[in-house]
Amino acid sequence: MAKIKLDIFRFDEATDTIPHRDEVTVDLPETTTVLDALEYAKAEVDGSISFRRSCRSAICGSCSMSIGGVTSLACKTSCGSAMEEDGSVKIDPMPNFQPMKDLVVHMDPFWDKYARLKPYLQPNDADSAHQTERRVSPDDMKKLVDVANCIMCATCYSLCPVVSVDPAFAGPAAIAYAYRFIEDVRDGQRKERIAQISEDYLWLCAHCYACSYCPKHVDPNDRIIDVKRAAIKDRVMMNERGPRHALVVAKTIKQTGMLAETEVIQGTVGRFNIRGLLKVAPLGARMALKGKLPPPFLKPVPKVDEIRTIFDALEAPVR
Amino acid sequence: MSSTLLPEERALDAHVRTNSSKSKRYGFFPGCVAKESCKELFNSTMLLADKLGIELVELTAASCCGASVLNDTNRDVARVLNARTYAQAEALGLDDVITICSTCTGHMRAANKELRESEEHMAQANAILGKFGANYKGGVTVRHLLWLLIDDIGLDKLQSMVVRPLNGLKVAPFYGCHIIRPESVNGWESARHPHSLEDVIVALGGEAVDYAGKTRCCGFHVQLEKDGIASSMVGQNMRMAKDNGAEAVITPCPLCHLALDGYQADAAARWGRTDLPVFHLPQLVAYALGVSPEKLGLNKHLIDPREVMVSRDLIN
């Protein structure tokens, strides 16, 4: 047994204007899950501590909270693994959400983004036209199994740095779930779904892999890349900056072996998009003053033909 | 056919013939940005290598690692491009490839992991490399200079080499996503609670500033996708660092450097002025190990670090 100090964020939107923290000491082994420690604290010390929970087995996705500064499922995280040097475990509501009471947050923005996907199969033909089941090959189904494991705990959404600065971004879970329908051979709305998720800022993903902390190994980070590739393959909203950026990067690497910074900026913003270029101009000017502008043209690296051979052999798309 | 030899091939050829070099030799992959807008990073890395007594053999014919963007267009091309780079290193007898960019580290390691763990991927890569007579056997390890400092040099040795301690300069570490995440690819230290940069800061005589933003994203990869996104991410993180007492920032990633150094001015309207100077990892290490500050390209930074350095009696 050890003394574990639960350092808990306390707030009630009905009565409080600012949050405070309570420290509750519990005598439990360090292997105790944070959820069990909270249950113990609620039962034995302070019945007013609020948190969501249901299954206690990492299946329901209710008990996501920030533990030691990183969002995790409380039922899957031991107190010992998140303990500070002074023996305390810092517990906060999920970031990127409005707190409601203590560790309970308003989940609405997360559900709203999920609902926008129309998260159900939309086949092209009516069910009545089918005399047999719609069949999916094992290979086609394999692609969807990992994503179907998503328990919508919002761990990824709460850790997403883009959501934290731009609430319009769909977030990792919604994009991963869009993939689940985009790649389902039974669905008839592939292009519409890609267009919808592109409008919800698919291309605003910052490639930071914060969503690789997914407790169910859905790895939204990889599914986001899959959806982007689907968008390029199906040529959906190709004039947006995201696909332009990806394809001009590919082009400069194929031409020179290097990512040519100057051409990538022009190619992404648009060489003739004067207003767009003016917006990046002040930073460019500041860099120029410091002699820090990237070169306007790059000399190809030695043996660049080998690089072009690789692109051609893989039929990799470039702008 | 010596005229077609690459510089590194000529150099290694000379070494073998004269057996002149006894220092530890590494393959060196500088990445695109250190050769383009952050040349000060490349230069200070080479000066640091001299001080450390190691030899960085630049792979001059290597391609871009894919920069996390190439994956968006094709599933295989970045992996095969990196296989070509590893084949070049292997052919030179260099099994250790050192990077100076978090994004290069993560994406080159991801490609290497796929190649080494999947016979199918390795066969696909070698079928294409074979068209120009190259082959990758899977023997290369990709590491960041930060890891080399700790694993190969050692923090105690590093500390003993310091001739110009940082006089308690309060430095906030900024890791850059791809050197820690995903953990399955990097795994050299905890992605949630890394401390290698802190350890280096302390070894150099500085004080490491803890703040929640240190493992977060700088926004570099979406700076062009939508106005104001990267500057907001920079402002948010630099605000946290500043509020926790930071006087400067250190990063092992030139992409983070471009964002943090470039966007703090734009972020000021929403997040307040932070004006934290941002050092490339090798700049600050090289400074402490005695490289003349004039040679480190500190004048190339948009937020000039020299003012803070004067206030701590690090330079006149």
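Residues numbered from 1 in each chain as written. Chains lettered and ligands numbered in written order. Predicted model: local features only at pLDDT ≥ 70, side-chain atom pairs only at ≥ 80, totals over all residues.

**A word on the overall build of chain B**
On a plain count of helices and strands, chain B comes out with twelve helices and eight strands. What you see for chain B is a C-alpha radius of gyration of 20 Å, in line with the 20 Å of a compact globule of 316 residues. For chain B, the C-alpha atoms occupy an extent of roughly 55 × 45 × 35 Å along the three principal directions. Split into buried and exposed, the 316 residues of chain B put 57% on the buried side. (Helix = DSSP H or I, 4+ residues; strand = E, 2+ residues; numbered from the N terminus. Rg over C-alpha atoms; globule rule 2.2 N^0.38 Å. Buried ≥ 20, exposed ≤ 12 C-beta atoms within 10 Å, placed from the backbone.)

**Quick word on the packing of helix 6 (residues 172–182) of chain A against helix 8 (residues 220–233) of chain A**
Residue and element names in this part refer to chain A. Running from N to C, helix 6 and helix 8 point in directions that differ by 55°, and their axes come no closer than 8 Å. In terms of axis orientation, helix 6 runs oblique to helix 8. Considering the relative orientation of helix 6 and helix 8, their crossing is left-handed. Where helix 6 approaches helix 8, its residues Pro172, Ala173, Ile175, Ala176, Ala178, Tyr179 and Ile182 are matched on the opposing element by Pro220, Arg223, Ile224, Asp226, Val227 and Ala230. By residue class, the composition of the contact of helix 6 with helix 8 is eleven nonpolar, no polar and two charged. (Axes fitted to C-alpha atoms, helices over the stretch in contact; angles between N-to-C directions. Parallel < 35°, antiparallel > 145°, perpendicular 65-115°, else oblique. Left-handed = near helix turned anticlockwise from the far one by under 90°. Contact = placed C-beta atoms within 7 Å. Nonpolar A, V, L, I, M, F, W, Y, C, P; charged D, E, K, R; others polar.)

**Considerations on the domain arrangement of chain A**
Domain boundaries in chain A define domain 1 (2–105), domain 2 (108–233) and domain 3 (241–313). For domain 1 of chain A versus domain 3 of chain A, the distance between C-alpha centres works out to 47 Å. (Domains from an automatic or database assignment.)

**A word on the sheet that holds strand 5 (residues 170–173) of chain B**
Residue and element names in this part refer to chain B. Within the open sheet, the four strands sit side by side as 6-5-7-8. Their pairing is parallel. Among the strands making up the open sheet, the edge pair consists of strand 6 (207–208) and strand 8 (278–280). Of the pairings in the sheet, the one linking strand 5 to strand 7 (residues 248–251) comprises three bridges and is parallel in character. For Ala172, the partnering residue across the bridge sits in strand 7 and is Val249. Strands in contact with helix 8 (residues 196–203) are strand 5, strand 6 and strand 7; relative to strand 5, the strand with the most contacts, it is inclined by about 160°. Sheet strands touched by helix 11 (residues 281–288): strand 7 and strand 8. Its angle to strand 8, the strand with the most contacts, is close to 80°. (Pairing = 2+ DSSP bridges.)

**Considerations on the nonpolar core**
Ranked by internal contacts, the top residues of the largest apolar core, which has 195 residues, are Val34(A), Ile175(A), Val227(A), Val249(A), Val249(B) and Ala259(B). Those residues in contact with Val34(A) that lie beyond four places of it in its chain are Ile67(A), Ala74(A), Thr77(A), Cys79(A), Ala82(A), Val89(A) and Ile91(A). (Core = buried A, V, L, I, M, F, W, Y, C linked by C-beta atoms within 7 Å.)

**Some points on the environment of Pro165(B)**
All names here are of chain B. As for its placement among the helices and strands, Pro165 is situated in the loop between helix 7 (155–161) and strand 5. Look at Pro165 and you get partly exposed, because 14 C-beta atoms sit within 10 Å. Each C-alpha atom, one on Pro165 and one on Leu204, is 5.5 Å from the other, the two residues being 39 residues apart in sequence. Beyond its immediate sequence surroundings of up to four residues, Pro165 is in contact with Leu204, Gly205 and Ala288.

**Considering the pairing of strand 5 (residues 88–92) of chain A**
Residues and elements named next belong to chain A. Here strand 1 (residues 2–10) pairs with strand 5 via four bridges, running parallel. When the bridges of strand 5 are listed, Ile8 appears paired with Ile91. Looking at chain direction, strand 3 (residues 64–67) and strand 5 are connected through two bridges and run antiparallel. Bridging from a neighbouring strand, Ser66 pairs with Asp92 of strand 5.

**Re helix 7 (residues 190–199) of chain A**
Think of an α-helix as turning once every 3.6 residues; residues three or four places apart then point the same way. All names here are of chain A. Within helix 7 the residues assigned to the buried category are Arg193, Ile194, Ile197 and Ser198. The arc that holds every buried residue of helix 7, seen down its axis, measures 135°, which confines them to one face. Structurally, helix 7 contributes buried residues whose contacts are with helix 6 and helix 8. At the exit of helix 7 stands Tyr201, carrying a positive phi of roughly 70°. (Arc of directions from axis to C-beta.)

**Brief notes about the packing of helix 3 (residues 77–91) of chain B against helix 4 (residues 102–117) of chain B**
Residues and elements named next belong to chain B. Two numbers describe how helix 3 lies on helix 4: the axes approach to 9 Å, and their chain directions differ by 90°. On the basis of their axis angle, the class for helix 3 and helix 4 is roughly perpendicular. Here Ala78, Arg79, Asn82, Ala83 and Tyr86 of helix 3 lie close against helix 4, whose contacting residues are His107, Met108, Ala111, Asn112, Glu114 and Leu115.

**Overview of the interface of chain A and chain B**
If you look at the interface, chain A gives 56 residues, while chain B gives 47 residues. Contributions of two or more residues to the side of chain A that touches chain B are made by helix 5 (161–165), helix 8, helix 9 (241–256), helix 10 (261–269), helix 11 (274–289) and helix 12 (304–313) of chain A. In terms of residues, the side of chain A that touches chain B owes the most to one element, helix 9 of chain A, which gives eight residues. A per-class count over the side of chain A that touches chain B returns 35 nonpolar, ten polar and eleven charged.

**Topic: the pairing of strand 7 of chain B**
Look at any regular strand and the pattern is simple: side chains alternate between the two faces of the sheet. Burial along strand 7 of chain B is two-sided: Ala248(B) and Ile250(B) and Val249(B) and Thr251(B), pointing in opposite directions, are all buried. On the question of chirality, the crossover connecting strand 7 of chain B to the parallel strand 8 of chain B by way of helix 10 (residues 254–271) of chain B is right-handed. (Right-handed = clockwise from strand over helix to strand, strands pointing away.)

**Concerning the domain arrangement of chain B**
All names here are of chain B. Considered domain by domain, chain B is made up of domain 1 (8–145) and domain 2 (153–311). Each of domain 1 and domain 2 was reduced to a C-alpha centroid, and the two centroids are 25 Å apart. Within the residue set of the side of domain 1 that touches domain 2, elements represented by two or more residues are helix 2 (39–52) and helix 4. Here the side of domain 1 that touches domain 2 takes ten residues from helix 2, the largest share from any one element. Residue classes in the side of domain 1 that touches domain 2 are distributed as eleven nonpolar, eleven polar and five charged.

**Digging into the sheet that holds strand 2 (residues 20–28) of chain A**
Residue and element names in this part refer to chain A. The strand order across the open sheet formed by five strands is 2-1-5-3-4, and the pairing between neighbours is mixed. This sheet does not close on itself; its edge strands, each paired only once, are strand 2 and strand 4 (70–73). Each adjacent strand pair in this sheet contributes to an overall mean axis angle of 35°, direction not counted. Relative to strand 4, strand 3 is paired through four bridges, and the arrangement is antiparallel. Looking at the pairing, Met65 lines up with Ser72 of strand 4. Across the sheet, helix 1 (residues 34–44) touches strand 1, strand 2, strand 3 and strand 5, and the angle it forms with strand 2 is around 100°.

**Some details on helix 2 of chain B**
Residues and elements named next belong to chain B. For helix 2, which comprises 14 residues, the first-to-last C-alpha distance of 20 Å matches the rise-based estimate of 20 Å (1.5 Å per residue) to within 8%. Across the 14 residues of helix 2, ten count as buried, placing the element largely inside the fold. The set of residues buried in helix 2 consists of Glu40, Leu41, Phe42, Asn43, Ser44, Thr45, Leu47, Leu48, Ala49 and Leu52. Looking at the packing, one finds that the buried side of helix 2 touches strand 2 (54–58), helix 6 (145–153), helix 10, strand 8 and helix 11. (Expected span 1.5 Å × (residues − 1).)

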